[in-house]
Amino acid sequence: MNYRYSILIQWSDEDQCYVVSLPEWGEYCHTHGETYEEALQNAQEGLELLVESAIAEGEPLPEPQTLGKTLQTV
């Protein structure tokens, strides 16, 4: 997969794990991992599934964020 989507990984004291956000896919699109590496792997697998599902459903893919360009929220 060669898409350029954002992956935000942060430690959660409350959950005692790394929580991952995939901002281009919506505010409720999250995964997690016990280690940073596991969280990253889960994020990459999740992104692949999201892209495959959107393509299969004929839905447009969200535009990736890049430095200097932010998402607009509605």
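This text follows the structure it describes.
First, a word on scope: everything that follows refers to the structure included in this document. The numbers attached to residues start from 1 for each chain and follow its sequence in the written order. Whole-chain, interface and lining totals are the exception, using all residues; otherwise, since this is a predicted model, local features are given only for residues with pLDDT of at least 70 and side-chain atom pairs are given and counted only at 80 or more. By convention in this description, side-chain values take in all heavy atoms of the structure and omit both hydrogens and water.

**Here we look at the packing of aromatic side chains**
- Each aromatic pair joins two rings of Phe, Tyr and Trp (for Trp, the six-membered one) with centres within 6.5 Å, and gets the label stacked for planes under 30 degrees apart, edge-to-face for over 60, and tilted for any other angle. Within the structure shown, the criterion is met by 4 aromatic pairs.
- Between W11 and Y18 the ring centres are 4.9 Å apart and the planes differ by 75°, which places this aromatic pair in the edge-to-face class.
- A 1.4 Å probe rolled over the protein chains alone gives each residue an accessible area, and that area as a share of the maximum for its type sets the label: buried under 20%, exposed over 50%, partly exposed in between. Under the relative-accessibility criterion, Y18 is labelled partly exposed at 23%.
- Ring geometry for Y18 versus Y36: centroids 5.8 Å apart, planes at 85°, classification edge-to-face. Highlighted residues: Y18 in strand β2 (residues 17–21) and Y36 in helix α1 (residues 36–57), separated in sequence by 18 residues.
- We classify Y36 as partly exposed; its relative accessible area is 41%. Labels follow the DSSP assignment, with helices taken as runs of H or I lasting at least four residues and strands as runs of E lasting at least two, numbered in each case from the N terminus.

**Points about a nonpolar patch on the surface**
- Note that patches include only residues with greater than 30% relative accessible area and no salt bridge, and the join distances are 9 Å for like charges and 5 Å for nonpolar side chains (Val, Leu, Ile, Met, Phe, Trp, Tyr). Surface exposure here means Shrake-Rupley accessible area, sampled with a 1.4 Å probe, where a residue is shielded only by the protein chains that are shown. Criterion for a salt bridge: a side-chain nitrogen of Lys or Arg within 4 Å of a carboxyl oxygen of Asp or Glu. A cluster of nonpolar residues, I7, Y36 and L40, forms a patch on the protein surface that exposes about 230 Å² of accessible area.
- Within the secondary structure, L40 is located in helix α1.
- Residue class for L40 comes out partly exposed when judged on its relative accessible area of 30%.

**Overview of α1**
- Counted at 1.5 Å a residue, the expected span for α1 with its 22 residues is 32 Å, and the 31 Å between its end C-alpha atoms agrees.
- Along α1, the residues classified as buried are A39, A43, L47, V51 and A54. Within α1, the buried residues cover an arc of 105° as seen down the axis, which keeps them to one side. Away from the buried face of α1 by more than 90 degrees, exposed residues E37, L49, E52 and A56 are located. One fewer than the residue count of a helix, multiplied by 1.5 Å, yields its expected span. By construction, the arc corresponds to the directions joining the helix axis to the C-beta atoms.

The values are spatial; any link to function lies outside them.
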